[in-house]
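Here are the chains, one letter per residue:
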2 protein chains.
Amino acid sequence: MTTVSKSSVSFAPATVANVGAGFDVLGFALYQPGDHVVARFNNTGKVAVKAITGDGGKLPLDAHLNTASVAVMKFLYHLRSDQGIDLEVHKKMPLGSGLGSSAASAVAAVVAANDLLGNPLEKSALLPFALEGERVACGAAHADNAAPSLLGGFVLIRSYEPLDIVPLSTPNELYAVVIHPHIEIRTKDARDILKKTIPLKQAIVQWGNIAGLVAGLLKSDYDLIGRSLSDVIVEPVRSILIPGFDAVKRSAIEAGALGCSISGSGPSVFALTKSLSTSEKVADAMQTEFLAHHIDSDRFISAVNRDGATILSEHHYQ
Amino acid sequence: MTTVSKSSVSFAPATVANVGAGFDVLGFALYQPGDHVVARFNNTGKVAVKAITGDGGKLPLDAHLNTASVAVMKFLYHLRSDQGIDLEVHKKMPLGSGLGSSAASAVAAVVAANDLLGNPLEKSALLPFALEGERVACGAAHADNAAPSLLGGFVLIRSYEPLDIVPLSTPNELYAVVIHPHIEIRTKDARDILKKTIPLKQAIVQWGNIAGLVAGLLKSDYDLIGRSLSDVIVEPVRSILIPGFDAVKRSAIEAGALGCSISGSGPSVFALTKSLSTSEKVADAMQTEFLAHHIDSDRFISAVNRDGATILSEHHYQ
């Protein structure tokens, strides 16, 4: 018999997906914000969501609809385990902000459950279950959030069929500024606005840039990263949904950012920099510019997270 | 007064452009075949093509129409030099084969001229003039042949406007097999057959693969290189012009190639391998398969050329 009182507490970070030219294939993790999930054994043989905090009541407690519990159910099914697990999901990041909120919850949940069960799987093997959880929330599994949230760093999704995850090394001094403007974009709207076909000429520009970005990351060439942080296909369309985007982006570059684009499906906007002090200036400039468009915002500044999802010891958890 | 009898002899290698998913943005150089150009001062104040060998009479001797002489004229114009130069172009590679023949001649010509003039420019600074030469031959300058022919190795053309050339390191044991089937494809036909718009879903697959290929090269991950050597946009269309392509590709993979695709606009087909002995087997298999389709072919096996265009000492030149 397992001890019912045992619990595991995990953290999974927010992520920036797409990263300029890497639509649907590239993402990276932040050190903060992120989600906490507490997992405990129960004796019901079922997975249950006992509590959700920080979501403003928006997320479902029904275990078959919640991204965290679905991920854990898929994980237990894979293990052929009929162990029951209670989950608490503590959202510590904005929902619907383009920072991979549902991926973070799903990742945190499977990481906590895996720890609770004595780590039957390697961390990297947990990805498929997190993706199943995200599929519930988003209708589709876009590994460009879940993979970096789980593994940390920059992660390339080379292929979805079959899933081929390529961790990319990250330059030492790479920082991200994320500004979350207080406007709402539904992921579905952000997808529907995209054209189903694109000019070959633009596609060539795009794959030059994604190739340049990957080369810049692996060569620690900050200028190349900056030059490659350009998206001629998705950003021009989606930025229409973000008032002031062009001015915010310009202000980021003028304040010293290597580059700037939309985080995931938005509305958050991210910039990359090569120092913490520049990051502060860039964040100031971007928030000031959003304010000039009468939009309040939150800011997050973080080095690129190299650890991904982690288990927290109990005393770390408040 | 310069000495009229002085001459410089250069070699510029054949190149494989596109390299799977890198249409118009990626290319690499072979050690052989390639072109030789001899440059000598003359007293006419003009650039002249005095001889062309190995072209079967197909290339123009008119200095304003020949890719080699145009490249040298642009170079001299840039230097504000009214020095006259005679060129001999010795084609040591097949024309119209998808191996960057015109780029090799243009590159060899400017490299020889630069040496003749005492190297007023760094080698890498010669690229724009080679591209101008190629523009004459092809109507457009696609740096994915000229850049690797000049610089060697794998070269990413991140951007054309402005031109942004990114040399990529190459794994130590990477070999190329190139099979040149004796069929003709005009570059213009190979371009015209391409669709002007492509589905976004295919573009995403493509940029996952180009990103994976760049990561594989920089990480020396041969398996990743192989998995990433996939082109869902250009190869399916252009391969229609190459009888037996699918069978030839399959035979290459079965014989141990990491991957296989069309070299440039074809008809040459290339495969990458990680050893010389595998390369021989792959070449055998590919040529046998072409023969089964009643097509004779030439084979070239080479490590990836890390040197690019070079100056030959006189006694090296036959």
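For the structure, check the block above.
The rules behind the values
- Sequence order as written defines residue numbering, which begins from 1 separately in each chain.
- Both sets of labels track the order of writing: A upward for chains, 1 upward for ligands.
- Predicted model: local features are reported for residues with pLDDT of at least 70 only, side-chain atom pairs are reported and counted for 80 or more only, and whole-chain, interface and lining totals are derived from all residues.
- Numbering of helices and strands starts at the N terminus; helices are DSSP runs of H or I of at least 4 residues and strands are runs of E of at least 2.
- It is the C-beta atoms, placed from the backbone, that decide contacts: two residues are in contact if theirs lie within 7 Å.
- Two strands form a pair only when DSSP identifies at least two bridges running between them.
- Geometry is summarised by axes, namely lines fitted to C-alpha atoms with helices restricted to the contacting stretch, and by angles between N-to-C directions that run from 0 to 180 degrees.
- For this classification, Asp, Glu, Lys and Arg are treated as charged, while Ala, Val, Leu, Ile, Met, Phe, Trp, Tyr, Cys and Pro are nonpolar and the rest, including Gly, are polar.

**Student:** Hey, could you run me through the environment of B:Leu65 in this one?
**Tutor:** Residue and element names in this part refer to chain B. With respect to the element layout, Leu-65 can be found in the loop between β3 (47-53) and α1 (67-78). Put simply, Leu-65 and Gly-264 are 199 residues apart on the chain and 22 Å apart in space, counted from C-alpha to C-alpha. Excluding residues within four positions of it along the chain, Leu-65 makes contact with Pro-60 and Val-136.

**Student:** Looking at this model, I keep getting lost on the sheet that holds strand β9 (residues 259-262) of chain B. Mind explaining?
**Tutor:** Hydrogen bonds along the backbone pair up the strands of a sheet, which may run parallel or antiparallel. All names here are of chain B. Read from one edge of the open sheet, four strands run β9-β10-β7-β11, paired in antiparallel fashion. At either end of the open sheet lies a strand with only one pairing partner, and these are β9 and β11 (297-303). Adjacent strand axes in the sheet meet at a mean angle of 20 degrees when their direction is disregarded. Bridge count for β9 against strand β10 (residues 269-273) is four bridges, and the pairing is antiparallel. Looking at β10, one finds that Cys-260 is bridged to Ala-271. Across the face of the sheet, helix α10 (residues 276-292) comes into contact with β7 (175-181), β10 and β11 while running at roughly 20 degrees to β7.

**Student:** When you look at the interface of chain B and chain A in this model, what are you seeing that I'm missing?
**Tutor:** It is common to report an interface's size as the accessible area lost on association of the parts. Across the contact, 36 residues belong to chain B and 36 residues belong to chain A. Among the secondary structure elements, those contributing two or more residues to the side of chain B that touches chain A are β5 (154-160), β6 (163-168), β8 (197-199), α6 (200-219) and α7 (222-228) of chain B. With 14 residues, the top contributor of residues to the side of chain B that touches chain A is α6(B). Across the side of chain B that touches chain A, the residue classes break down as 21 nonpolar, eight polar and seven charged.

**Student:** What am I meant to see in the sheet that holds strand β9 (residues 259-262) of chain A here?
**Tutor:** Residues and elements named next belong to chain A. Spatial ordering of the open sheet is given by β9-β10-β7-β11, a layout of four strands whose pairing is antiparallel. Since the sheet does not close on itself, it has two edges, and those belong to β9 and β11 (297-303), each with one partner. Recorded for the sheet is a direction-independent mean angle of 20 degrees between the axes of neighbouring strands. Alignment of strand β7 (residues 175-181) against strand β10 (residues 269-273), held across five bridges, turns out to be antiparallel. Along β10, the bridge assignment pairs Val-178 with Phe-270.

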